[in-house]
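Given next are the chains, with one letter for each unit.
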Amino acid sequence: MANEIFEKLKAAKSAEELVEIAKANGAEITAENAQKLFSQISGGELSDDDLEKIAGGRFHIGK
């Protein structure tokens, strides 16, 4: 399941889409954290390993 979430995170086109992905998977993420995460994903700041950890950890970001 984490792999599916991982792929959805990578494919997200906006921070709002990340919020929807989280909700669909029973997790919550604030708009502020979603924006930070989206910026990191789209800016190439996160590696695939980092994204897998986020997906497996149900969107808990510590950055």
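Since we're looking at a predicted model, the values are computed, not measured.

A. Looking closely at the nonpolar core. Residues L9, L18, L37 and I41 are the most contacted members of the largest nonpolar core, which totals 19 residues. At the level of secondary structure, the elements contributing two or more residues to this core comprise α1 (2–11), α2 (15–24), α3 (31–42) and α4 (48–56). Ranked by residue count, the leading element in this core is α2, at five residues.

B. View of the confidence of the model for the chain. Residues of the chain with pLDDT of at least 70 account for 86%, and the chain-wide mean is 81. When pLDDT is averaged over each helix and strand of the chain, the minimum, 74, is found for α4 and the maximum, 91, for α2.

C. The arrangement of the side chain of N25 in detail. Of note, N25 is situated in the loop between α2 and α3. Residue classification places N25 among the buried positions, given a relative accessible area of 12%. Of note is the side chain of N25, whose polar atom sits 2.7 Å from the backbone oxygen of I21.

D. Structural detail: the environment of Q35. Its place among the elements puts Q35 in helix α3. With relative accessibility at 40%, the residue Q35 sits in the partly exposed group. Residues Q35 and V19, spaced 16 residues apart in sequence, show a C-alpha to C-alpha distance of 9.2 Å.

What counts and how
- Residues numbered from 1 in each chain as written.
- Predicted model: local features only at pLDDT ≥ 70, side-chain atom pairs only at ≥ 80, totals over all residues.
- Heavy atoms only, no water.
- Core = buried A, V, L, I, M, F, W, Y, C linked by side-chain atoms within 4.5 Å.
- Buried < 20%, exposed > 50% of the residue type's maximum accessible area, 1.4 Å probe, protein only.
- Helix = DSSP H or I, 4+ residues; strand = E, 2+ residues; numbered from the N terminus.
- pLDDT = per-residue confidence, 0-100.
- Polar contact = N/O pair within 3.5 Å; in protein donor to acceptor, adjacent residues only side chain to side chain.

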